[in-house]
Amino acid sequence: MSDDAPIAGGWFAGVDPDDLEAGASAIREGERSHPRDWPALAVESGFADDEREYYDLLKETTARATKAAVSEAERADDRQLVHAVRAMDDCERTANELAERLAEWAGTVDSEAGTGIEYARSLSSGGRSLEADDRRIVSLAERTASLADEADELREFVERRTPTVAPNLAALAGPVLGARLISLAGGLENLAKKPSGTIQVLGAEDALFAHLRGHAPSPKHGIIYVHDAVRGTHPDERGSAARALAGKLAIAARIDHYSGDLKPELEDELDGRIRTIRARTDGKPDADGGSDE
Amino acid sequence: MSEPALPDGVERRSFDGTERLATRGEAVYGEPTDGDWRAWNPRRSKLGAMLELGMETGLAGGETVLYLGAASGTTVSHVADFAGPTYAVEFAARPARDLLEAADSRPRLFPLLADARKPETYAHVVESDVDVVVQDVATRGQARVALENRRFLADDGRLLLAVKARSENVARDPAAVFEDVRHELADGYDLLECRRLDGYHVDHEAIVARPR
Ligand SMILES: C[S@@+](CC[C@H](N)C(=O)[O-])C[C@H]1O[C@@H](n2cnc3c(N)ncnc32)[C@H](O)[C@@H]1O
């Protein structure tokens with residue numbers, strides 16, 4: 001576009017004033033290094049009759065452009081997060097499976113073979129030396145270790161991303177559990193629309209269907225079990241704790257989806273509820289079985 | 001010393017027996033209202049705090065404004081209530097959604113989802129020679145942002161800048177951070193007044209400047 005034409009580079013250049021859609025994409029996609037007196041130029045070029053009309057058009061068009069950009073960005077954000085947390089789980093699970101296979105195999109040639117990702121890492125970094133014949137084992141260890149590294153990096157990405165996609169949910173659930181809930185619901189909007197009773201059992205679908213078919217008791221909690229509010233509560237009261245937690249998570253997801261405001265008081269409210277619930281089992285033995293995740 | 005006059009369209013009015021700054025417009029963030037008037041909470045608004053502290057903002061009412069870091073529209077909605085055409089730039093999608101709502105009832109408030117570090121992405125929309133640039137981006141490189149956006153400002157215009165120390169460096173002494181920011185700003189601006197917003201906003205400094 002040449003800069004001599006009177007309206008060169010303005011968002012309205014070549015745009016029909018009646019075509020809001022075209023104006024909105026010009027606003028979103030246009031670029032120019034320096035501003036000019038756009039209202040005057042728009043009138044001069046006949047885009048608008050007067051300044052007042054120009055501003056009216058600008059108003060309608062910026063609102064439309066920004067609305068479209070916002071929805072697009074938000075859709076992209078929670079979808080990115082869902083992919084990342086699923087990829088993270090896949091990498092972790094696969095790395096663990098491979099580590100098991102590796103330990104089994106390495107055990108046949110190395111009497112002091114260890115287990116798990118740690119062993120894969122020590123093999124791949126040359127921390128333990130095997131015979132030249134066992135190159136395949138070392139190579140498998142390297143791949144296992146780098147898959148575990150990828151899982152760690154994905155976890156870091158999720159930890160950074162969840163607070164921007166869903167700040168209240170991330171604060172209340174922790175970023176990884178928050179991302180898993182969004183993933184299980186199929187997006188933040190879906191999560192925001194779920195009643196808290198559904199959030200309470202997200203991730204326990206098998207148990208829930210068994211219950212609905214009449215084969216089993218109703219599940220008390222899904223993946224929110226890993227949250228300290230549930231896990232750290234006496235087994236007798238875990239159902240209540242899960243209900244209280246799910247209630248707050250539902251509110252957090254709704255605020256994140258519909259308004260985006262920060263509500264730090266949600267955390268205090270949850271703490272208060274959990275303290276009350278735990279007080280009921282004060283003094284009872286077996287506060288926790290101590291299982292890890 | 002006499003307090004500078006408030007801009008036209010901003011008044012001190014009584015809400016539940018307390019004198020507070022107020023503008024006329026639709027409520028945005030649950031602030032108390034009285035007829036058409038709504039209270040302007042200086043604890044939630046750095047520009048509100050600047051006015052409350054009696055800083056010489058040069059605002060008279062009716063100005064053309066470029067507002068950087070509009071977030072969900074708390075402050076920029078008050079600005080649009082007393083100013084003229086107001087361009088509101090925010091780069092995070094979530095708050096921008098609320099900004100859209102605040103802009104709904106304000107015919108001269110133009111919301112833009114854009115990065116204030118990249119003025120070339122909105123120079124085809126925001127007009128030249130605006131009277132005021134208000135900046136509250138709370139992100140690293142706040143002086144840089146102000147310098148980049150100087151191109152929009154009229155020669156006799158004003159930059160009203162809120163600097164958040166922790167956004168530049170959480171570990172450093174805020175006073176040293178402000179010192180650096182002032183120093184860097186001097187590349188493109190004459191600083192007219194600098195003041196801490198203590199009591200309203202922790203570790204923030206407000207700066208009034210004009211392009212040099
Ligand atoms: C402290 S908040 C602003 C509050 C707002 N000025 C008010 O008083 O209502 C800072 C805002 O700046 C935005 N921001 C940070 N960096 C930005 C950039 N480079 N461009 C545009 N906005 C930015 C953030 O997303 C955030 O919403």
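To keep things clear, this report deals only with the structure shown in the data block.

The rules behind each value
- Throughout, a residue's number is its position along its own chain's written sequence, starting from 1.
- All chains are assigned letters beginning with A, and all ligands numbers beginning with 1, in the order in which they are written.
- Local features are withheld for residues below a pLDDT of 70 in this predicted model, meaning they are given only at 70 or higher, and side-chain atom pairs are given and counted only at 80 or more; totals for whole chains, interfaces and linings count all residues.
- Side-chain calculation: all heavy atoms of the structure are included, whereas hydrogens and water are not.
- Every helix listed is a DSSP run of H or I at least four residues long, and every strand listed is a run of E at least two residues long, numbered separately from the N terminus.
- Contacts are assigned to residue pairs with any non-hydrogen atoms lying within 4.5 Å of each other.
- The criterion for strand pairing is that DSSP finds at least two bridges linking the strands in question.
- Salt bridge, as used here, is a side-chain nitrogen of Lys or Arg placed within 4 Å of a carboxyl oxygen of Asp or Glu.
- Whenever two N or O atoms come within 3.5 Å, that pair is a polar contact, provided that in protein one can donate a hydrogen and the other can accept it, and provided that, for residues adjacent in sequence, both atoms are side-chain atoms.
- Each residue is assigned to one of three groups, with Ala, Val, Leu, Ile, Met, Phe, Trp, Tyr, Cys and Pro labelled nonpolar, Asp, Glu, Lys and Arg labelled charged, and all others, Gly among them, labelled polar.
- All axes are obtained by fitting lines to C-alpha atoms, using only the stretch in contact for helices, and the reported angles, taken between N-to-C directions, cover 0 to 180 degrees.
- If an angle is under 35 degrees, it is roughly parallel; if it is over 145, roughly antiparallel; if it lies from 65 to 115, roughly perpendicular; otherwise it is oblique.
- Here a residue counts as near a molecule or strand whenever at least one of its heavy atoms sits within 4 Å of it.
- Note on areas: these come from Shrake-Rupley sampling with a 1.4 Å probe, and a residue is covered only by the protein chains present in the view.

1. Some remarks on the overall build of chain A
When helices and strands are counted, chain A shows 13 helices and zero strands. In sequence order, the secondary structure elements of chain A are arranged as α-α-α-α-α-α-α-α-α-α-α-α-α. In chain A, 61% of the contacts between residues at least 6 apart in sequence involve partners at least 24 apart.

2. Describing the sheet that holds strand S4 (residues 37-39) of chain B
Residue and element names in this part refer to chain B. As summarised here, the arrangement of the four strands in space is S1-S2-S4-S3, forming an open sheet in which the pairing is antiparallel. Edge positions in the sheet fall to strand S1 (11-15) and strand S3 (33-34), since each has one partner strand and no second. Note that S3 and S4 share two bridges and pair antiparallel. If you follow Thr 33 over to S4, its bridge partner there is Arg 38.

3. Some words on the pattern of salt bridges
Using the criterion set out here, one finds 29 salt bridges over all chains in the structure. Bridged by salt links that share partners, the residues Glu 118, Arg 121, Asp 149 and Asp 152 of chain A form one connected network.

4. Examining the environment of Arg 151 of chain B
Structurally, Arg 151 of chain B is set in the loop between helix H4 (142-148) and strand S9 (153-164). Arg 151 of chain B sits 28 residues away from Ala 123 of chain B along the chain, and the two C-alpha atoms are 9.1 Å apart. Setting aside residues up to four positions removed in sequence, Arg 151 of chain B forms contacts with Ser 33, His 34 and Pro 35 of chain A together with Pro 119 and Glu 120 of chain B.

5. Comments concerning the pairing of S1 of chain B
Residue and element names in this part refer to chain B. Sheet topology places S1 next to strand S2 (residues 18-24); five bridges connect them, and they run antiparallel. Bridge pairing in S2 places Ser 14 opposite Glu 19. Between S1 and S2, which pair antiparallel one after the other, the connecting turn spans two residues, and Asp 16 there sits at a positive phi close to 50°.

6. A closer look at the interface of chain B and chain A
The interface of chain B with chain A comprises 29 residues on the first partner and 39 residues on the second. Residue Asp 56 of chain A pairs with Arg 108 of chain B through a salt bridge whose shortest N-O separation is 2.9 Å. At the junction of chain B with chain A, the criterion picks out 17 residue pairs in polar contact (both at pLDDT 80 or more). Mapped by element, the contributors of at least two residues to the side of chain B that touches chain A are helix H3 (93-104) and strand S7 (109-113) of chain B. Top element by residues in the side of chain B that touches chain A is H3 of chain B. It accounts for eight residues. Along the lines of polarity and charge, the residues of the side of chain B that touches chain A split into 17 nonpolar, three polar and nine charged.

7. Regarding the packing of helix H5 (residues 135-165) of chain A against helix H7 (residues 175-185) of chain A
Residues and elements named next belong to chain A. At their nearest, the axes of H5 and H7 sit 8 Å apart, and the two run at 75° to each other. Relative to H7, the element H5 is oriented roughly perpendicular. In this structure, H5 uses Arg 155, Val 158, Glu 159, Thr 162, Pro 163 and Val 165 to contact H7, whose residues at the interface are Pro 175, Val 176, Gly 178, Ala 179, Arg 180 and Ile 182. A class-by-class count of the residues in the contact of H5 with H7 yields seven nonpolar, two polar and three charged.

8. Description of the site of the ligand
Residues and elements named next belong to chain B. Around the ligand sit 19 residues in total, of which Tyr 67, Thr 75, Glu 90, Asp 115 and Ala 116 are the nearest. The side chain of Glu 90 places a nitrogen or oxygen atom 2.5 Å from an oxygen atom of the ligand. Separating a nitrogen atom of the ligand from a backbone N or O atom of Ala 116 is a distance of 2.8 Å. Expressed as a share of its isolated accessible area of 600 Å², the protein-covered part of the ligand is 86%. In terms of residue class, the shell around the ligand is built from nine nonpolar, four polar and six charged.

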